[in-house]
Amino acid sequence: MLSTVGIHSALVMVDTERGVVDPDAPSIQGNHVIAAIEIPKGYDSPRLHSVITAQTGKRYLIFDPTWEDTPFGQVEDNLQGSYALLIEGPDSQIVQIPVLSPVLNSIQRSATLQLTPDGALKGSVTVKRFGDLAESGRYVFTHEDATKQQQYVDRSFSADLMAASLTGLKVENVAALDKDLTTSFSLNADHFASSVGPLLMVRPRIFGSYALPIDHKSRKVSIDLHQTMQGTDSFDIQLPDGYTVDELPDPVKADVGFASYESSTRLEGHTIHYTRTYTVRQVSLPPDKYADLQRFVSLIAADEDSRVVLKRSTSTTASLP
(Lines give C-alpha, C1' and ligand atoms only; values in the text may rest on other atoms or scores of the structure.)
Protein backbone atom coordinates (compact mmCIF):
# COMPACT_ATOMS: atom_id res chain seq x y z
CA MET A 1 0.00 0.00 0.00
CA LEU A 2 1.31 3.44 -0.94
CA SER A 3 0.25 6.91 0.05
CA THR A 4 1.39 10.16 -1.64
CA VAL A 5 0.15 13.71 -1.04
CA GLY A 6 -2.91 12.42 0.78
CA ILE A 7 -4.00 10.21 -2.16
CA HIS A 8 -4.47 6.57 -1.23
CA SER A 9 -3.10 4.00 -3.65
CA ALA A 10 -2.80 0.23 -3.75
CA LEU A 11 -0.99 -2.43 -5.74
CA VAL A 12 -2.72 -4.65 -8.26
CA MET A 13 -1.27 -8.02 -9.30
CA VAL A 14 -2.02 -8.93 -12.91
CA ASP A 15 -0.76 -11.21 -15.63
CA THR A 16 0.17 -9.72 -19.00
CA GLU A 17 -1.47 -12.72 -20.71
CA ARG A 18 -5.24 -12.28 -20.58
CA GLY A 19 -7.02 -15.24 -18.96
CA VAL A 20 -4.16 -16.46 -16.75
CA VAL A 21 -5.65 -15.00 -13.56
CA ASP A 22 -8.78 -17.09 -12.93
CA PRO A 23 -11.25 -15.78 -10.33
CA ASP A 24 -12.46 -19.33 -9.68
CA ALA A 25 -9.00 -20.84 -9.15
CA PRO A 26 -7.91 -21.76 -5.61
CA SER A 27 -4.70 -19.73 -6.01
CA ILE A 28 -3.83 -16.56 -7.87
CA GLN A 29 -0.76 -16.08 -9.98
CA GLY A 30 0.53 -13.15 -11.98
CA ASN A 31 3.69 -11.77 -13.56
CA HIS A 32 3.25 -8.03 -13.24
CA VAL A 33 2.20 -5.43 -10.68
CA ILE A 34 0.39 -2.21 -11.56
CA ALA A 35 -1.26 0.50 -9.49
CA ALA A 36 -4.70 1.60 -8.30
CA ILE A 37 -5.44 5.10 -7.05
CA GLU A 38 -8.54 5.60 -4.93
CA ILE A 39 -10.84 8.19 -6.43
CA PRO A 40 -12.20 10.62 -3.81
CA LYS A 41 -15.97 10.60 -3.33
CA GLY A 42 -17.73 13.09 -5.57
CA TYR A 43 -14.79 13.37 -7.94
CA ASP A 44 -15.14 12.39 -11.56
CA SER A 45 -13.48 13.21 -14.85
CA PRO A 46 -14.14 12.22 -18.48
CA ARG A 47 -10.46 11.26 -18.69
CA LEU A 48 -10.84 8.43 -16.16
CA HIS A 49 -11.78 5.32 -18.13
CA SER A 50 -10.14 2.37 -16.37
CA VAL A 51 -12.14 2.68 -13.15
CA ILE A 52 -13.33 -0.20 -10.98
CA THR A 53 -15.58 -0.28 -7.90
CA ALA A 54 -14.36 -2.58 -5.11
CA GLN A 55 -16.61 -4.59 -2.78
CA THR A 56 -16.00 -1.92 -0.13
CA GLY A 57 -17.65 0.66 -2.39
CA LYS A 58 -14.36 2.45 -3.03
CA ARG A 59 -13.59 3.46 -6.60
CA TYR A 60 -10.11 3.02 -8.04
CA LEU A 61 -8.37 4.19 -11.19
CA ILE A 62 -6.34 1.25 -12.52
CA PHE A 63 -3.20 2.17 -14.44
CA ASP A 64 0.24 0.81 -15.31
CA PRO A 65 3.03 3.28 -14.45
CA THR A 66 5.49 1.19 -16.49
CA TRP A 67 3.48 1.61 -19.72
CA GLU A 68 4.66 5.09 -20.68
CA ASP A 69 2.79 5.36 -24.01
CA THR A 70 -0.71 4.74 -22.61
CA PRO A 71 -2.75 7.94 -22.16
CA PHE A 72 -3.59 8.84 -18.57
CA GLY A 73 -6.85 7.30 -17.37
CA GLN A 74 -6.52 4.22 -19.56
CA VAL A 75 -4.91 0.80 -19.27
CA GLU A 76 -3.17 -1.15 -22.05
CA ASP A 77 -5.23 -3.48 -24.19
CA ASN A 78 -3.67 -6.79 -23.06
CA LEU A 79 -4.91 -6.19 -19.50
CA GLN A 80 -8.44 -5.11 -20.37
CA GLY A 81 -11.11 -7.63 -19.43
CA SER A 82 -8.69 -9.72 -17.38
CA TYR A 83 -8.88 -10.41 -13.65
CA ALA A 84 -6.44 -9.01 -11.13
CA LEU A 85 -5.78 -9.07 -7.40
CA LEU A 86 -6.34 -5.73 -5.67
CA ILE A 87 -3.97 -5.85 -2.69
CA GLU A 88 -5.68 -4.02 0.18
CA GLY A 89 -4.85 -6.01 3.32
CA PRO A 90 -8.02 -7.61 4.73
CA ASP A 91 -10.01 -5.98 1.89
CA SER A 92 -7.89 -7.64 -0.84
CA GLN A 93 -10.09 -9.05 -3.59
CA ILE A 94 -10.29 -10.17 -7.20
CA VAL A 95 -11.40 -7.39 -9.58
CA GLN A 96 -11.97 -7.29 -13.31
CA ILE A 97 -10.16 -4.61 -15.27
CA PRO A 98 -12.57 -2.65 -17.50
CA VAL A 99 -12.82 -3.12 -21.26
CA LEU A 100 -12.48 0.37 -22.70
CA SER A 101 -14.56 2.06 -25.37
CA PRO A 102 -13.42 1.43 -28.98
CA VAL A 103 -13.09 5.18 -29.60
CA LEU A 104 -10.17 5.29 -27.13
CA ASN A 105 -8.11 3.09 -29.45
CA SER A 106 -8.46 4.33 -32.98
CA ILE A 107 -6.92 4.69 -36.41
CA GLN A 108 -8.13 7.12 -39.08
CA ARG A 109 -6.80 6.92 -42.62
CA SER A 110 -7.59 9.51 -45.27
CA ALA A 111 -6.23 10.11 -48.75
CA THR A 112 -6.85 12.35 -51.74
CA LEU A 113 -5.39 10.74 -54.85
CA GLN A 114 -5.31 11.01 -58.63
CA LEU A 115 -5.48 7.92 -60.86
CA THR A 116 -3.64 8.11 -64.18
CA PRO A 117 -4.69 6.30 -67.39
CA ASP A 118 -1.80 3.85 -66.99
CA GLY A 119 -3.05 2.79 -63.54
CA ALA A 120 -0.68 4.77 -61.32
CA LEU A 121 -1.88 6.53 -58.19
CA LYS A 122 -0.48 9.67 -56.63
CA GLY A 123 -1.57 12.14 -53.99
CA SER A 124 -1.54 12.87 -50.24
CA VAL A 125 -2.21 10.58 -47.27
CA THR A 126 -2.84 11.27 -43.57
CA VAL A 127 -2.95 8.61 -40.85
CA LYS A 128 -4.02 9.37 -37.27
CA ARG A 129 -3.59 6.92 -34.40
CA PHE A 130 -4.68 7.14 -30.76
CA GLY A 131 -4.39 4.86 -27.75
CA ASP A 132 -2.60 1.53 -27.98
CA LEU A 133 -2.71 1.69 -31.79
CA ALA A 134 -0.32 4.64 -31.55
CA GLU A 135 2.08 2.97 -29.12
CA SER A 136 4.53 1.43 -31.60
CA GLY A 137 4.58 4.60 -33.71
CA ARG A 138 5.31 6.80 -30.72
CA TYR A 139 8.21 4.51 -29.79
CA VAL A 140 9.64 4.46 -33.32
CA PHE A 141 9.48 8.22 -33.80
CA THR A 142 11.01 8.80 -30.36
CA HIS A 143 13.76 6.17 -30.19
CA GLU A 144 14.61 5.00 -33.71
CA ASP A 145 16.64 6.60 -36.49
CA ALA A 146 15.30 7.99 -39.78
CA THR A 147 15.78 4.70 -41.63
CA LYS A 148 13.65 2.70 -39.21
CA GLN A 149 11.06 5.47 -39.09
CA GLN A 150 10.78 5.29 -42.87
CA GLN A 151 10.47 1.49 -42.70
CA TYR A 152 7.70 1.78 -40.12
CA VAL A 153 5.63 3.99 -42.42
CA ASP A 154 6.43 1.89 -45.50
CA ARG A 155 5.11 -1.24 -43.76
CA SER A 156 1.72 0.41 -43.29
CA PHE A 157 0.97 0.10 -47.02
CA SER A 158 3.60 -2.27 -48.46
CA ALA A 159 1.23 -5.27 -48.32
CA ASP A 160 -1.41 -3.45 -50.37
CA LEU A 161 0.52 -1.34 -52.88
CA MET A 162 3.05 -2.47 -55.48
CA ALA A 163 5.97 -0.25 -56.42
CA ALA A 164 4.88 2.40 -53.92
CA SER A 165 6.98 5.20 -52.46
CA LEU A 166 6.35 8.10 -50.14
CA THR A 167 7.97 11.48 -49.78
CA GLY A 168 7.64 14.47 -47.50
CA LEU A 169 6.94 12.52 -44.30
CA LYS A 170 5.64 14.74 -41.50
CA VAL A 171 4.96 13.55 -37.95
CA GLU A 172 2.96 15.37 -35.28
CA ASN A 173 2.08 14.85 -31.60
CA VAL A 174 4.64 12.12 -30.92
CA ALA A 175 4.83 12.86 -27.19
CA ALA A 176 1.30 14.24 -26.73
CA LEU A 177 -0.52 11.13 -25.49
CA ASP A 178 -3.85 12.97 -25.33
CA LYS A 179 -3.67 13.78 -29.06
CA ASP A 180 -3.61 11.73 -32.25
CA LEU A 181 -0.20 10.61 -33.45
CA THR A 182 -0.42 11.99 -36.99
CA THR A 183 1.68 11.03 -39.99
CA SER A 184 1.22 12.64 -43.40
CA PHE A 185 3.07 12.14 -46.67
CA SER A 186 2.81 12.16 -50.46
CA LEU A 187 2.20 8.73 -52.00
CA ASN A 188 3.11 7.42 -55.45
CA ALA A 189 2.03 3.89 -56.42
CA ASP A 190 2.58 2.45 -59.88
CA HIS A 191 0.39 -0.35 -61.26
CA PHE A 192 -2.41 0.29 -58.76
CA ALA A 193 -5.23 -0.23 -61.28
CA SER A 194 -5.21 -3.20 -63.65
CA SER A 195 -6.32 -3.16 -67.27
CA VAL A 196 -8.77 -5.72 -68.64
CA GLY A 197 -9.24 -4.88 -72.30
CA PRO A 198 -10.78 -1.40 -72.46
CA LEU A 199 -11.59 -1.48 -68.70
CA LEU A 200 -9.65 -0.35 -65.64
CA MET A 201 -10.18 -2.29 -62.40
CA VAL A 202 -9.61 -0.10 -59.32
CA ARG A 203 -9.68 -1.15 -55.67
CA PRO A 204 -11.31 1.70 -53.69
CA ARG A 205 -9.63 0.53 -50.47
CA ILE A 206 -6.22 2.05 -51.00
CA PHE A 207 -4.42 0.38 -48.10
CA GLY A 208 -4.97 -1.01 -44.61
CA SER A 209 -6.76 -4.20 -43.61
CA TYR A 210 -9.15 -5.12 -40.79
CA ALA A 211 -9.45 -8.82 -41.66
CA LEU A 212 -8.49 -10.93 -38.63
CA PRO A 213 -6.58 -14.22 -39.03
CA ILE A 214 -8.97 -17.18 -38.90
CA ASP A 215 -8.90 -20.88 -39.74
CA HIS A 216 -11.54 -23.58 -40.11
CA LYS A 217 -10.70 -25.61 -37.02
CA SER A 218 -13.19 -26.09 -34.20
CA ARG A 219 -12.61 -23.97 -31.12
CA LYS A 220 -12.66 -25.19 -27.52
CA VAL A 221 -11.13 -22.18 -25.80
CA SER A 222 -12.01 -18.50 -25.82
CA ILE A 223 -11.16 -16.42 -28.87
CA ASP A 224 -8.85 -13.49 -28.14
CA LEU A 225 -9.71 -10.41 -30.22
CA HIS A 226 -6.74 -8.59 -28.63
CA GLN A 227 -8.31 -5.15 -28.28
CA THR A 228 -11.34 -2.96 -28.66
CA MET A 229 -10.81 -0.41 -31.40
CA GLN A 230 -12.37 1.73 -34.07
CA GLY A 231 -10.93 2.23 -37.54
CA THR A 232 -12.22 4.68 -40.14
CA ASP A 233 -11.05 5.12 -43.72
CA SER A 234 -11.91 7.87 -46.19
CA PHE A 235 -10.28 7.61 -49.63
CA ASP A 236 -10.92 9.86 -52.63
CA ILE A 237 -9.68 8.77 -56.07
CA GLN A 238 -10.04 11.23 -58.92
CA LEU A 239 -10.67 9.44 -62.21
CA PRO A 240 -8.34 9.90 -65.17
CA ASP A 241 -9.61 11.96 -68.07
CA GLY A 242 -11.60 9.95 -70.57
CA TYR A 243 -12.90 7.39 -68.05
CA THR A 244 -16.30 6.92 -66.42
CA VAL A 245 -17.55 4.47 -63.79
CA ASP A 246 -19.18 1.35 -65.23
CA GLU A 247 -19.72 -0.55 -61.97
CA LEU A 248 -19.46 0.20 -58.23
CA PRO A 249 -19.26 -2.32 -55.36
CA ASP A 250 -22.39 -2.70 -53.27
CA PRO A 251 -22.41 -1.08 -49.81
CA VAL A 252 -21.71 -3.39 -46.88
CA LYS A 253 -23.21 -3.23 -43.40
CA ALA A 254 -22.94 -5.85 -40.68
CA ASP A 255 -23.25 -5.83 -36.89
CA VAL A 256 -22.53 -9.05 -35.00
CA GLY A 257 -22.66 -7.59 -31.50
CA PHE A 258 -19.00 -7.94 -30.64
CA ALA A 259 -18.03 -5.98 -33.77
CA SER A 260 -19.48 -4.05 -36.69
CA TYR A 261 -18.39 -3.08 -40.19
CA GLU A 262 -19.81 -0.66 -42.72
CA SER A 263 -18.47 0.52 -46.06
CA SER A 264 -19.69 2.56 -49.00
CA THR A 265 -18.29 3.31 -52.45
CA ARG A 266 -19.91 6.08 -54.45
CA LEU A 267 -19.18 8.44 -57.31
CA GLU A 268 -19.14 12.14 -56.51
CA GLY A 269 -18.60 14.14 -59.68
CA HIS A 270 -15.44 12.71 -61.23
CA THR A 271 -14.19 11.20 -57.96
CA ILE A 272 -14.63 7.80 -56.33
CA HIS A 273 -15.32 8.25 -52.61
CA TYR A 274 -14.77 5.21 -50.39
CA THR A 275 -15.57 5.24 -46.68
CA ARG A 276 -15.73 2.56 -44.03
CA THR A 277 -15.91 2.12 -40.27
CA TYR A 278 -14.75 -0.94 -38.37
CA THR A 279 -15.51 -1.32 -34.65
CA VAL A 280 -14.53 -4.03 -32.16
CA ARG A 281 -16.41 -3.84 -28.84
CA GLN A 282 -15.10 -6.93 -26.99
CA VAL A 283 -11.65 -8.35 -26.29
CA SER A 284 -12.64 -12.02 -26.21
CA LEU A 285 -15.40 -14.34 -27.41
CA PRO A 286 -16.67 -17.74 -26.26
CA PRO A 287 -15.82 -20.66 -28.58
CA ASP A 288 -19.39 -20.95 -29.87
CA LYS A 289 -19.04 -17.50 -31.49
CA TYR A 290 -16.28 -18.64 -33.84
CA ALA A 291 -18.65 -19.29 -36.76
CA ASP A 292 -19.97 -15.72 -36.42
CA LEU A 293 -16.41 -14.41 -36.44
CA GLN A 294 -15.54 -16.46 -39.54
CA ARG A 295 -18.50 -15.07 -41.49
CA PHE A 296 -17.73 -11.54 -40.31
CA VAL A 297 -14.07 -11.73 -41.34
CA SER A 298 -15.03 -13.21 -44.73
CA LEU A 299 -17.37 -10.29 -45.34
CA ILE A 300 -14.59 -7.80 -44.56
CA ALA A 301 -12.10 -9.62 -46.78
CA ALA A 302 -14.54 -9.61 -49.71
CA ASP A 303 -15.17 -5.88 -49.32
CA GLU A 304 -11.45 -5.13 -49.06
CA ASP A 305 -10.87 -6.93 -52.36
CA SER A 306 -13.82 -5.35 -54.23
CA ARG A 307 -13.21 -3.35 -57.42
CA VAL A 308 -14.62 -0.34 -59.21
CA VAL A 309 -14.87 -0.91 -62.96
CA LEU A 310 -13.92 2.04 -65.15
CA LYS A 311 -14.46 2.30 -68.90
CA ARG A 312 -13.37 4.77 -71.51
CA SER A 313 -16.07 7.30 -72.18
CA THR A 314 -17.29 7.64 -75.77
CA SER A 315 -18.97 10.58 -77.45
CA THR A 316 -20.97 10.63 -80.62
CA THR A 317 -21.68 13.55 -82.79
CA ALA A 318 -24.90 13.48 -84.71
CA SER A 319 -24.53 14.27 -88.37
CA LEU A 320 -26.65 17.10 -89.62
CA PRO A 321 -28.70 16.43 -92.78
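Since we're looking at a predicted model, the values are computed, not measured.

Draft legend 1. The packing of aromatic side chains, seen in detail. Tallied over the full model, the rule gives nine aromatic pairs. Note on F141 and Y152: the rings are 5.6 Å apart at their centroids and 90° apart in plane angle, and the pair reads as edge-to-face. Taken together, the residues F141 in helix α1 (residues 135-143) and Y152 in helix α2 (residues 146-158) connect sequence positions eleven residues apart. Here F141 falls in the buried class, since its relative accessible area comes to 12%. What links up through ring pairs into an aromatic cluster is the set F157, F185, F207, F235 and Y274. The positively charged end of R219 is found above the aromatic ring belonging to Y290, 5.1 Å away from the centroid.

Draft legend 2. Quick peek at the nonpolar core. Membership of the largest hydrophobic core comes to 48 residues, with the highest contact counts inside it found for I206 and L310. Ranked by the residues each element gives to this core, the list is headed by helix α3 (residues 290-304), at five residues. Dropping the residues within four chain positions of it, I206 is found in contact with L113, L121, D160, L161, F192, F235 and I237.

Draft legend 3. Main features of the environment of H270. Its location among the elements puts H270 in the loop between β18 (259-268) and β19 (271-280). Other than its neighbours up to four places away in sequence, H270 contacts I237, Q238, L239, P240, D241 and Y243.

Draft legend 4. Structural view of α1. Taken together, the buried positions of α1 are G137, R138, V140 and F141. Taken around the axis of α1, the buried residues stretch over an arc of 165°, which confines them to a single face. Buried residues belonging to α1 abut β9 (121-130), α2, β10 (164-172) and β11 (181-189).

Draft legend 5. Examining unusual backbone geometry more closely. At H191, a position not held by glycine, the phi torsion is positive, near 60°. One non-glycine residue, H226, lies in positive phi territory at about 75°. Position of H226 relative to the elements: it lies in the loop between β14 (223-224) and β15 (229-238).

Draft legend 6. Quick peek at the pattern of salt bridges. All told, the structure shown has 13 salt bridges when counted by the stated rule. With a shortest N-O distance of 3.1 Å, D160 and R205 are connected by a salt bridge. Placement of D160 in the loop between α2 and β10 and of R205 in the loop between β13 (199-202) and β14 is noted, with a sequence separation of 45 residues between them. We note that D160, like R205, is buried. K289 is paired through a salt bridge with D292; the nearest N and O atoms lie 3.8 Å apart. Since its relative accessible area comes to 24%, D292 is described here as partly exposed. Linked by salt bridges that have partners in common, R109, D233, R276 and E304 make up one network.

Conventions we followed
- Residues numbered from 1 in each chain as written.
- Predicted model: local features only at pLDDT ≥ 70, side-chain atom pairs only at ≥ 80, totals over all residues.
- Heavy atoms only, no water.
- Phe/Tyr/Trp six-rings, centres within 6.5 Å; stacked < 30°, edge-to-face > 60°.
- Helix = DSSP H or I, 4+ residues; strand = E, 2+ residues; numbered from the N terminus.
- Buried < 20%, exposed > 50% of the residue type's maximum accessible area, 1.4 Å probe, protein only.
- Lys NZ or Arg CZ within 6 Å of the ring centre and 35° of its normal.
- Core = buried A, V, L, I, M, F, W, Y, C linked by side-chain atoms within 4.5 Å.
- Contact = heavy atoms within 4.5 Å.
- Arc of directions from axis to C-beta.
- Salt bridge = Lys/Arg side-chain N within 4 Å of Asp/Glu carboxyl O.

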